[in-house]
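Each chain, written out:
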Amino acid sequence: MATILGIETSCDETAAAVVINGVIKSNVVASQIKIHAKTGGVVPEVAARMHVEKIIPVIEKALKSAKLKIENCDALAVTIGPGLLGSLLVGTETAKALAYVFKKPIIGTNHLEGHIVSAIAEQFPIFSSQFSKILPALALIVSGGHTELVLIKKLFDYEVIGQTQDDAAGEAFDKIAKLLSLPYPGGPHLAKLAEKGNSKMFNFPRGMINENNFDFSFSGLKTAVLYFLKKHPKANRADVSASVQEAIVEVLVQKTLSAARHHSVKIIFMGGGVSANKYLRAQIAQSLRSHKSPKLMIAPQGLTTDNAAMIALSGYLRFMAGKTDNWYNIKANPSLGL
Ligand code: KG4
Ligand code: ZN
């Protein structure tokens, strides 16, 4: 039993959330999308300054909507990496100051573990108490910064068995959306346009699909679309979007399935911003519909993109396992791995 305050500032969302006994009680996100839309991407210095402005009001709001005071929390969980250093520092230093003043234990949380546990957010109290029963599990983390296949053999024991060699899947969505003059961040806009298009119209490359490993590559797709649009500037943008989405989703689903079979996992988790994509959710579910397939758990739509509820959930798991720290041991690490 525990009450955890989660804090997340690894990229461009300032977020705080409260989890009590594995149940999300509040989840506040202040998005910087409008500011970064002007530059067509995240400017790290600007992101850090925005976090400084928002962090205290966001924490206050999360506590208030959970009807709590910080004194009532058992511990603080804060993202220590991976992410942008300036952004991470705002969250970590704020959490450290609060832990020091209120004499609370603190949990340095991995953003990627957050995306993994977001997949079980809705049944968290059940799953967190018997995690070992659903292992081995495979997690597909697909976001703007990451595309990773992670094998989970034991609780907190992760092995990255595949990852992108260049662009992340979300980055590919965003860069190609930019080529199609769609607003930032382009992923959801491209997905919306794709709904009206024919996904079989253009055959774009599926990077590394036939290679005997679980790695990904999406930069070739971006280049192929760039040259295609130069050659065919009048091509139907909905058809291009649908064909691009098809190429990305096919690779993600195929590699995930072959990794799941190879490692005989019982369950597949999917989280990260791109897991909001409806076509990806439908295709992966369809490919796993046989009763012999592993069970599939996807982050609820509201927890796919960056948030602090997933950080508080990961913190809760670690708190229950006795994995807490003192404020002076917490250090932001932009290149933290799983
Ligand atoms: O997890 P997230 O908020 O940030 C990172 O940790 O990177 O993911 C953001 C990414 C962006 O690239 C965004 O375009 C993508 O997720 N995304 C989508 C969709 N919704 C968000 N990509 C494709 N289809 C969507 N519906
Ligand atoms: Zn993320």
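Provided above is the structure to which this section pertains.
Everything in this summary refers to the structure shown in the same document.

Attention now moves to the site of ligand 1. By nearness alone, 19 residues border ligand 1, and G144, G145, D174, G273 and D306 come closest of all. Here ligand 1 has 560 Å² of accessible area as a free molecule, and 87% of this is covered by the chains. Mapped by element, the contributors of at least two residues to the shell around ligand 1 are α4 (111-118), α6 (169-179) and α7 (186-194). Broken down by class, the residue content of the shell around ligand 1 amounts to five nonpolar, 12 polar and two charged.

Another point: the coordination of the zinc ion (ligand 2). Taken together, H111 (NE2), H115 (NE2) and D306 (OD) make up the protein donors of the zinc ion (ligand 2), found 2.1 Å from the metal. Viewed at the metal, the four donor atoms of the zinc ion (ligand 2) are separated by angles of 93 to 138°, and the geometry they form is irregular. In terms of primary sequence, the donors binding the zinc ion (ligand 2) are separated according to H-x3-H-x190-D. Taken together, the positions of H111 and H115, both in helix α4 and four residues apart, correspond to about one turn of that helix. The same class applies to H111 and to H115, which are both buried.

This part takes up the nonpolar core. Counting residues in each nonpolar core, the largest one holds 46 residues, and the members touching the most others are F204, V240, V244, I248 and L252. Where this core is concerned, the elements lending two or more residues are β6 (137-142), β7 (147-154), α6, α7, α8 (219-231), α9 (237-262), β9 (267-271) and α10 (278-287). At 12 residues, the largest contribution of residues to this core is made by α9. In contact with I248, other than residues within four places in its own chain, are A169, A172, F173, F218 and L221.

Bringing α7 into the picture now. Turning to α7, its buried residues number three or more, namely G186, G187, L190, A191, L193 and A194. In an axial view of α7, the angular spread of the buried residues amounts to 165°, which keeps them on one side of the axis. Along α7, exposed side chains directed more than 90 degrees from the buried face belong to P188 and K192. Those residues of α7 that are buried lie in contact with α6 and α9.

Let us now look at the packing of aromatic side chains. Taken as a whole and judged by the stated rule, the model has eight aromatic pairs. For the ring pair F131 and F269, a centre distance of 6.4 Å and an interplane angle of 50° mean the geometry is tilted. Taken as a pair, F131 in the loop between α5 (124-129) and β6 and F269 in strand β9 lie far apart in primary sequence, 138 residues in all. There is no split in this pair, since F131 and F269 are both buried. Three or more aromatic residues joined by ring pairs form one cluster here, namely Y100, W327 and Y328.

Thresholds, definitions, all that
Residues numbered from 1 in each chain as written. Chains lettered and ligands numbered in written order. Predicted model: local features only at pLDDT ≥ 70, side-chain atom pairs only at ≥ 80, totals over all residues. Heavy atoms only, no water. Near = heavy atom within 4 Å. Areas by Shrake-Rupley, 256 points an atom, 1.4 Å probe, with all protein chains shown as cover. Helix = DSSP H or I, 4+ residues; strand = E, 2+ residues; numbered from the N terminus. Nonpolar A, V, L, I, M, F, W, Y, C, P; charged D, E, K, R; others polar. Donors = N, O, S within 2.8 Å, 3.2 Å for Na, K, Ca; no water. Tetrahedral: all angles 85-135°; square planar, octahedral: opposite > 155°, others 65-115°. Buried < 20%, exposed > 50% of the residue type's maximum accessible area, 1.4 Å probe, protein only. Core = buried A, V, L, I, M, F, W, Y, C linked by side-chain atoms within 4.5 Å. Contact = heavy atoms within 4.5 Å. Arc of directions from axis to C-beta. Phe/Tyr/Trp six-rings, centres within 6.5 Å; stacked < 30°, edge-to-face > 60°.

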